[in-house]
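# Architecture and fold: a report
Chain by chain, the residues:
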Amino acid sequence: MTERPPRKSARRKPLDPARRAAFDVLRAVSDRDAYANLALPALLNERGITGRDAAFATELAYGTLRIRGLLDAIIASAADRPADRIDPVLLDLLRVGAYQLLHTRVDAHAALSTTVDQAALEFDSIRAGFVNAVLRTISARDEQAWVAELAPDRAVDPVGHLAFVHAHPRWIAQAFTDALGVNAAELDALLDADNARPAVHLAARPGAVTAEEVAVAVDGTVGRYSPYAVYLPGGDPGRLEAVRDGQALVQDEGSQLVARALVLAELEGADGGRWMDLCAGPGGKTALLAALGATSGAHVTAIEPAPRRADLVEQNTRGLDVEVLRVDGREPPVEPGFDRVLVDAPCTGLGALRRRPEARWRRTSADVPQLAKLQRELLASAIHLTRPGGVVLYATCSPHLAETVGVVADALRRHPVTALDARPLFAPADQLGDGPYVQLWPHRHGTDAMFAAALRKLG
């Protein structure tokens, strides 16, 4: 029996504020390539959505975006057509409705009726009927049953199976597998950690306040590895006095360890205090470097070509001995001879997918070669700018081998540098890999998946 489409009715109700906010964020991501972690807070503030409604909107928006690929596969099966052949607005509505049905405790009738009503308001009763039929089909099974039907056979394609189960593109799951190497059995735990809501980390500014003092002030806990790290229990860090007055910055503990490692690296010859952050935006690592160098009189030159990111560097380093240059890091107009140079290169960001819910579906494997080329050029520039005996620390927020060991291997072949064992520079963190490089992981360390290599320039 064919299900009859709902009729238009004056009683149709638009989405409530929380669902509407989540839907509008999905539309912004789909239509304008917006970043959800920027779009949603601004929208909630603009509309005065707070408390439980804000929490619900956040869960709907971020959760839907995070598992979009899995939802699209289920929607396509229920609709008996590929997801890319469904009107984009209807598809976003279906995603929000399907997420509620499969991933929340929202009453199934409420999830279905609110989505169908909005489809009728956005379009007409025919397409509202389509949404109704698809969501009713989806609601007939739980997520586990859908996964059992649609996921690749684990025995035949174990990586593809785990990628589907944990809502990751297969190419990303394969990149993680390659980077894990002999520890590839950890892929399940890694992908699961990638889907967990990350804790907010603060970095207490050295010389201004201790991590213990910040932890007391914000009701947080001191970090495990970085002496400056504080873990927040929740809430908006932008409302904290310690953040507003510049005594602490929001910064993943892995990023803190990267900046600290550059400062701890042993030089050949005296440290002249010429330090550089070659890819500085938005300035968190620059601020930590400058604060750590203040006791020895170090001066930090920060390179950032993007105007908005350069503004953030200036904002985040206010009061510190930092010079911001808005130039291309591949050929900056500065004299070589720096003692320490940090290259936290632009990358795919695969190490921070848990913080950017839509990023896993925005990136493709085709992005990697162009980024790796840029990374090689930036690292070559950093080596040129470093004095003999000085240290370059190359880092990426990606574990992809083409962006990590591949870039470093190219530098070791082409330039007068030697690799240092970076693992002692990240103590007390352990399980960092076989060396000489360091790889942090969300499932092991609770940090972003930062990679780091320390290189000394030869005379």
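Just so you know, these numbers come straight off a predicted model, no measurement behind them.

Conventions adopted
Residues numbered from 1 in each chain as written. Predicted model: local features only at pLDDT ≥ 70, side-chain atom pairs only at ≥ 80, totals over all residues. Heavy atoms only, no water. Phe/Tyr/Trp six-rings, centres within 6.5 Å; stacked < 30°, edge-to-face > 60°. Helix = DSSP H or I, 4+ residues; strand = E, 2+ residues; numbered from the N terminus. Buried < 20%, exposed > 50% of the residue type's maximum accessible area, 1.4 Å probe, protein only. Lys NZ or Arg CZ within 6 Å of the ring centre and 35° of its normal. Pairing = 2+ DSSP bridges. Right-handed = clockwise from strand over helix to strand, strands pointing away. Expected span 1.5 Å × (residues − 1). Contact = heavy atoms within 4.5 Å. Polar contact = N/O pair within 3.5 Å; in protein donor to acceptor, adjacent residues only side chain to side chain. Axes fitted to C-alpha atoms, helices over the stretch in contact; angles between N-to-C directions. Disulfide = S-S within 2.5 Å. Salt bridge = Lys/Arg side-chain N within 4 Å of Asp/Glu carboxyl O.

### Notes on the packing of aromatic side chains
Per the stated rule, a full pass over the model turns up three aromatic pairs. A ring pair is formed by Y394 and F451, whose centres lie 6.4 Å apart and whose planes are at 70°; its orientation type is edge-to-face. Residue Y394 is found in strand β9 (residues 386-396), and its partner F451 is found in strand β12 (residues 451-457); the two are separated by 57 residues along the sequence. Its relative accessible area of 0% is what places Y394 among the buried residues. Connected via pairs of aromatic rings, a cluster forms that spans Y394, Y437 and F451. A cation over an aromatic ring shows up here: R362 above the ring of Y35, its NZ or CZ 4.9 Å from the ring centre.

### Focus on the pairing of strand β7 (residues 322-325)
Here four bridges tie strand β6 (residues 299-303) to β7, and the two strands are oriented parallel to one another. Residue pairing for β7: T301 is matched across the bridge by E323. Each parallel crossover has a hand, and the one from β6 via helix α16 (residues 307-316) to β7 is right-handed.

### Comments concerning helix α6 (residues 108-122)
Taking 1.5 Å of rise per residue, the 15 residues of α6 would be expected to cover 21 Å, and the 21 Å separating its terminal C-alpha atoms lies within 8% of that figure. If you check which residues of α6 are buried, you get A111, L112, T114, T115, V116, D117, Q118, A119 and A120. On its buried face, α6 sits against α1 (17-32), α5 (88-103) and α7 (125-139). At the N-terminal end of α6, a side-chain oxygen is found 3.1 Å from the backbone nitrogen of H109, two or three residues along, and the residue is D107.

### Quick look at the side chain of H445
Positionally, H445 belongs in helix α20 (residues 442-445). When its relative accessible area of 1% is taken as the criterion, H445 is described as buried. When residues no more than four places from it in sequence are discounted, the contact partners of H445 are R224, Y225, D430, Q431, L432, Q439 and L440.

### Topic: the environment of L70
Tracing the chain through its elements places L70 in helix α4 (residues 68-79). Sequence spacing of L70 and R95 is 25 residues, and the spatial spacing of their C-alpha atoms is 9.9 Å. When sequence neighbours within four positions are dropped, the list of residues in contact with L70 reads E143, V147, F164, V165, A167 and W361.

### A look at the sheet that holds strand β4 (residues 248-250)
Here we have four strands laid out as an open sheet, ordered β2-β3-β1-β4, and antiparallel in their pairing. For this open sheet the edge positions go to β2 (221-222) and β4, each flanked by a neighbour on one side alone. Sheet topology places strand β1 (residues 201-204) next to β4; three bridges connect them, and they run antiparallel. Residue pairing across strands places A204 opposite A248, the latter belonging to β4. Most of the contacts of helix α12 (residues 211-218) go to strand β3 (residues 229-231), to which it runs at about 20°, and overall it touches β1, β2, β3 and β4.

### Structural notes on unusual backbone geometry
In this chain, A427 is followed by P428 through a cis amide linkage whose omega measures 15°. Assignment of secondary structure puts P428 in the loop between β10 (417-420) and β11 (438-439). G435 connects to P436 through a cis peptide bond whose omega is 0°. Considering the arrangement of structural elements, one finds P436 in the loop between β10 and β11.

### Considering the side chain of Q256
Tracing the backbone through its elements, the reader meets Q256 in helix α14 (residues 253-264). Beyond its immediate chain neighbours, meaning those up to four positions away, Q256 contacts H201, L202, A203, S226, Y228, A229, Q251 and L288.

### Re the state of the cysteines
Applying the stated criterion across every chain yields a total of zero disulfides. Lacking any disulfide linkage, C347 is separated from the closest cysteine sulfur, that of C397, by 5.7 Å. Since its relative accessible area comes to 14%, C347 is described here as buried.

### Considerations on the environment of E213
Turning to its location among the elements, E213 is positioned in helix α12. Judged by relative accessible area, which is 46%, E213 ranks as partly exposed. Sequence separation of E213 and A242 is 29 residues, and the distance between their C-alpha atoms is 9.9 Å. Reaching out from E213, the side chain makes a polar contact with the backbone nitrogen of T210 at a distance of 3.0 Å.

### Some thoughts on the pairing of strand β8 (residues 338-344)
The buried fraction of β8 is high, at seven of seven residues. Bridge count between strand β5 (residues 274-277) and β8: three bridges; the pairing is parallel. Bridging across to β8, D277 finds its partner in L342. Where β8 lies against β9, six bridges are found, and the strand directions are parallel. Along β9, the bridge assignment pairs V343 with Y394.

### Some thoughts on the pattern of salt bridges
Side-chain pairs of opposite charge can arise whenever the charged atoms involved come near each other. For the coordinates displayed, the defined rule picks out 33 salt bridges. One salt bridge in this structure joins D24 and R20, with 3.0 Å as the shortest N-O distance. Separated by four residues within a single helix, D24 and R20 lie in helix α1, roughly one turn from each other. R20 sits in the partly exposed class, given a relative accessible area of 25%. Taking the shortest distance from any N to any O, the salt bridge between E149 and R141 comes out at 1.9 Å. On the basis of relative accessible area, R141 is assigned to the partly exposed category, the value being 35%.

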